[in-house]
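Notes for the structure review
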Amino acid sequence: MYLTHLECPRCGREHDAHVPQNLCECGSPLLARYDLAAASRVIEPERFGLRPADLWRYRELLPVADPRNVTTLGEGWTPMLRAPAYGADIGIDELLVKDEGLTPTGSFKARGAAVGVSRARELGVRRIAMPTNGNAGAAWATYATRAALGATIVMPLSAPAICRRECVAAGADLRLVDGLIGDAGRQVAALVAASEGTVFDAGTLREPYRLEGKKTMGYEIVEQLGWQVPDVIIYPTGGGVGLIGIHKALGELRELGWVEDKLPRLVAVQATGCAPIVRAFAAGDDRARPWEDAHTVAFGITVPAPLGDELILAALRATAGTAIAVDDAEILADLRDFAAREGLLLCPEGAACLTAARRLRAGGWIRAGERVVVLNTGAGVKYPETIDVSGVPVLPR
């Protein structure tokens, strides 16, 4: 393992990576840093192809030192599928969908849970607590059980019902709150404060290792393209850990010398009913103001006040990317259209990325001939309400 320390991207302060850590004293999330110069002398990218097809193939660039602490259900190395019919229709001939719906627990959250739980176990944590919009809680509950850790999960009452059932099935202490994820976060903060150090806050970006699991999406995209980068990567952005992680991975790959200096343009996709990042990006702000009355069918991106707002906005600007908001009607229409053309049922958050791709191509921001990767962050079958079957005929016996 080449992990050396944790660093605050806001104030630059270094933190010890060998004890459990939450936020920096200045309030910023912490980022894991590695001795990449040393790693580059030992690791050759061609070696990864000889390893198992999961995210732990990148183990030297992940924060778990002892293999006995690795908690895994085979997560990672999800397929990148071409979408020729839909792509041709919207004018993107090289449209690729990275399908995270095939990870354990049915969403990309399994990546963060696998690495976050593994590192928590290695550092002696015995119980984690976290607020969630659904999928992250289901993933962390599942991996915590596999690692013999306790888990308290707090989610909005309106979160997808399947996620509640996953938490209960995994034996987690599930609590529902009549509100949004911010209200769940306040419940978790009170619980952690009252625990006197026996409960660790594993909320989004409040610990540094969920991000390390999510960054493996960036490694995989580049490896699956033959160690080439695409022109554009489109990501549904709520808490933004996946987008931040992909940007971190691309920076590490460039420092390792495995990709050229040119990086993909990153796109943050939000819903018109909850678009704090889009508003801040358009205004040229470095921070996002909380969004009032947040609501969208893409429940996973209903995050009115993302903790990682600075990091998201910095990633977009560093890559000459952009942020775009799409409405629920377009999301559901593109979800159905894509399924009918390509045979793949996306989650609403993934469908939002299709809407963004279509609109950005129509407006000329995505140019002809560019290779575009869209992230489908969860399995569409977890959201059966997105498909209306009321008009299906019922035949007599």
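Each remark here, short or long, concerns the structure printed above.
**A short note on the overall build of the protein chain**
On a plain count of helices and strands, the protein chain comes out with 13 helices and 13 strands. A globule of 397 residues ought to have a C-alpha radius of gyration of about 21 Å, and the protein chain, at 20 Å, matches this closely. Within the protein chain, buried positions represent 58% of all 397 residues. For the protein chain, the exposed area adds up to about 15,700 Å²; of that, 51% sits on carbon and sulfur atoms. On the protein chain, the mean spot of the 43 positive side-chain charges and the mean spot of the 48 negative ones are 2 Å from each other.

**Description of the sheet that holds strand β6 (residues 127-131)**
If you walk across this open sheet you meet the 4 strands as β8-β7-β6-β9, and the pairing is parallel. Each of the sheet's edge strands pairs with one partner strand only, and the pair in question is β8 (173-177) and β9 (200-201). Across 2 bridges, β6 lies against β9 in parallel orientation. Residue Ile128 lies in a different strand from β9, and its bridge partner there is Phe200. Against the sheet, helix α4 (residues 135-146) engages β6 and β7 (150-156), with an angle of about 170° to β7.

**A closer look at the sheet that holds strand β1 (residues 3-7)**
Spatially, the 3 strands line up as an open sheet ordered β2-β1-β3, and their pairing is antiparallel. Looking along the sheet, the strands with just one partner apiece sit at the ends: β2 (14-15) and β3 (31-34). As paired elements, β1 and β3 share 4 bridges and run antiparallel to each other. Its bridge partner being in β3, His5 is matched across the sheet by Arg33.

**Digging into the pairing of strand β13 (residues 371-376)**
Burial of β13 is extensive: 5 of the 6 residues sit out of reach of the surface. As defined by bridge partners, strand β10 (residues 232-236) adjoins β13 across 3 bridges and the pair is classed as parallel. Bridging across to β13, Ile234 finds its partner in Val374.

**Focus on unusual backbone geometry**
Phi is positive for Glu196, close to 55°, though the residue is something other than glycine. Here Glu196 lies in the loop between α6 (181-194) and β9. Of note in the backbone geometry, Ala320 takes a positive phi value of approximately 60° without being a glycine. Here Ala320 shows up in the loop between α11 (309-318) and β12 (322-326).

**Considering the packing of α4 against helix α5 (residues 161-169)**
Contact pair α4 / α5: the axes reach a minimum separation of 8 Å and the direction vectors enclose 15°. Between α4 and α5, the angle falls in the class roughly parallel. The two elements α4 and α5 cross, and the hand of that crossing is left-handed. Residues Asn135, Gly137, Ala138 and Ala141 of α4 form the contact with α5, whose own contacting residues are Cys163, Glu166 and Cys167.

**Quick word on the pattern of salt bridges**
Under the definition given, this model contains 30 salt bridges. A salt bridge links Arg371 to Glu94, with the shortest nitrogen-to-oxygen separation between them at 3.1 Å. Linking Arg371 in strand β13 with Glu94 in strand β5 (residues 94-99), this pair joins segments that are 277 residues apart in sequence. Taking relative accessible area as the criterion, Arg371 reaches 22% and is therefore assigned partly exposed. For Glu94, a relative accessible area of 26% puts it in the partly exposed group. The salt bridge partner of Lys215 is Glu212, with a shortest N-O separation of 2.6 Å. Among the residues examined, Lys215 registers a relative accessible area of 0% and is labelled buried. Using a relative accessible area of 0% as the deciding quantity, one classes Glu212 as buried. Shared partners join several salt bridges into a network, and the residues in it are Arg10, Arg287, Asp309 and Glu310.

What counts and what doesn't
Residues numbered from 1 in each chain as written. Predicted model: local features only at pLDDT ≥ 70, side-chain atom pairs only at ≥ 80, totals over all residues. Heavy atoms only, no water. Helix = DSSP H or I, 4+ residues; strand = E, 2+ residues; numbered from the N terminus. Rg over C-alpha atoms; globule rule 2.2 N^0.38 Å. Buried < 20%, exposed > 50% of the residue type's maximum accessible area, 1.4 Å probe, protein only. Areas by Shrake-Rupley, 256 points an atom, 1.4 Å probe, with all protein chains shown as cover. Lys, Arg positive; Asp, Glu negative; His and termini not counted. Charge placed at Lys NZ, Arg CZ, Asp CG, Glu CD. Pairing = 2+ DSSP bridges. Contact = heavy atoms within 4.5 Å. Axes fitted to C-alpha atoms, helices over the stretch in contact; angles between N-to-C directions. Parallel < 35°, antiparallel > 145°, perpendicular 65-115°, else oblique. Left-handed = near helix turned anticlockwise from the far one by under 90°. Salt bridge = Lys/Arg side-chain N within 4 Å of Asp/Glu carboxyl O.

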